[in-house]
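Overview (structure and organization)
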Amino acid sequence: LKFFSHPQHRRPQSLEHFELHRPFMADPGESWAPPGFASPYILNPTMLFGGEAPKLRGICVSGVSISLANFPATNLRTLDLRRIPFALCPSSSDFLDVLREARNLRRLHLDSAGPVMPRPPPHIRSPAHLTRLRDLFVGGGPSDWVHWLLSHIDAPQLPCLTLARTDFLNDGLLLPFL
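Residues numbered from 1 in each chain as written. Predicted model: local features only at pLDDT ≥ 70, side-chain atom pairs only at ≥ 80, totals over all residues. Heavy atoms only, no water.

Looking at the pattern of salt bridges
Two side chains carrying opposite charge are able to pair once their charged atoms lie near each other. Inspection of every chain in the model, using the stated rule, returns four salt bridges. Arg107 serves as the salt-bridge partner of Asp80, at 3.2 Å between the closest nitrogen and oxygen. Residue Asp80 is found in strand 3 (residues 78-82), and its partner Arg107 is found in strand 4 (residues 107-111); the two are separated by 27 residues along the sequence. Under the relative-accessibility criterion, Arg107 is labelled partly exposed at 26%. Through salt bridges with shared partners, a single ionic network connects Asp80, Arg82, Arg107 and Asp135. (Salt bridge = Lys/Arg side-chain N within 4 Å of Asp/Glu carboxyl O. Helix = DSSP H or I, 4+ residues; strand = E, 2+ residues; numbered from the N terminus. Buried < 20%, exposed > 50% of the residue type's maximum accessible area, 1.4 Å probe, protein only.)

Below is the structure:
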């Protein structure tokens, strides 16, 4: 990831879509890093492109922790985060700031990744208004996290909502919320 985060270089002016998939990821409940693994570029969130990618419309990262602080989200239409250990996921404040800035977001895909839910969950200061969101996928998280996340998103025109691999049937919190 050093290539994509160097402070003086690699600030793409025309990049519209970026994907980065890490090949290894443990099953839920297993150690996600092999013994002896110590890559600082995986274990520490990396700011991609020095925070500058003016035409970026889509990003998909799988198994890689990225920093969302000062992330270029103005033109973002797709945010796809997958298989990031929750301990390395973006902070809730950085994640919600990105959603609030990404007014053109059409697809949000969070598969075993997403913002770290603060404990105890604070009062919602204001939800992210995603009036153009068309596809929301949330999977692989505990039901209290899913409830917390959904309570921070206002998507009045949302035609497609997918909740996957969450045990909301055994939890009285999420089902009545839906």
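Alright, that's what it looks like, and here's the rest.
Let's talk about the sheet that holds strand 3
Strand order in the open sheet formed by six strands is 1-2-3-4-6-8, and the pairing between neighbours is parallel. Two strands close off the open sheet at either side, each with one partner strand: strand 1 (17-21) and strand 8 (160-164). Sheet twist, expressed as the average angle between the axes of neighbouring strands with direction ignored, equals 5°. Pairing between strand 6 (residues 135-139) and strand 8: five bridges, direction parallel. In the sheet register, Leu136 faces strand 8, and the bridge partner there is Leu161. Against the sheet, helix 3 (residues 92-101) makes contact with strand 3 and strand 4, and its axis sits at roughly 155° relative to strand 3, the strand it touches most. (Pairing = 2+ DSSP bridges. Axes fitted to C-alpha atoms, helices over the stretch in contact; angles between N-to-C directions. Contact = heavy atoms within 4.5 Å.)

A word on unusual backbone geometry
We note that Arg83 has phi near 50°; this positive angle belongs to a residue other than glycine. Inspection of the secondary structure assignment puts Arg83 in the loop between strand 3 and helix 3. Within the chain, Ser112 stands out as a residue other than glycine whose phi angle is a positive 55°. With respect to the helices and strands, Ser112 occurs in the loop between strand 4 and strand 5 (128-129).

Examining the environment of Leu136
Residue placement: Leu136 occurs in strand 6. The spatial distance from the C-alpha of Leu136 to the C-alpha of Leu108 is 5.0 Å, given a sequence separation of 28 residues. Aside from chain neighbours lying at most four places away, what touches Leu136 is Leu108, Leu150, Ile153, Leu158, Cys160, Leu161 and Thr162.

Remarks on the side chain of Ser65
Take Ser65: it is sitting in the loop between strand 2 (58-62) and strand 3. On the basis of relative accessible area, Ser65 is assigned to the buried category, the value being 2%. Within the structure, the side chain of Ser65 is placed 2.6 Å from the backbone oxygen of Leu88, a separation counted as a polar contact. (Polar contact = N/O pair within 3.5 Å; in protein donor to acceptor, adjacent residues only side chain to side chain.)

Points about the environment of Leu163
On the secondary structure map, Leu163 appears in strand 8. The class of Leu163 is partly exposed, set by a relative accessible area of 21%. Separated by 52 residues in the primary sequence, Leu163 and Asp111 place their C-alpha atoms 9.6 Å from one another.

Re the environment of Arg165
Looking at the element boundaries, Arg165 is found in the loop between strand 8 and helix 5 (174-177). According to the relative accessible area criterion, Arg165 is exposed, its value standing at 54%. A sequence separation of 22 residues divides Arg165 from Ser143, and the C-alpha atoms of the two residues are 9.5 Å apart. If we ignore the near neighbours within four places in the chain, the residues touching Arg165 are Asp111, Ser112, Phe137, Gly139, Gly140 and Gly141.

The analysis is restricted to geometry; functional conclusions fall outside its scope.
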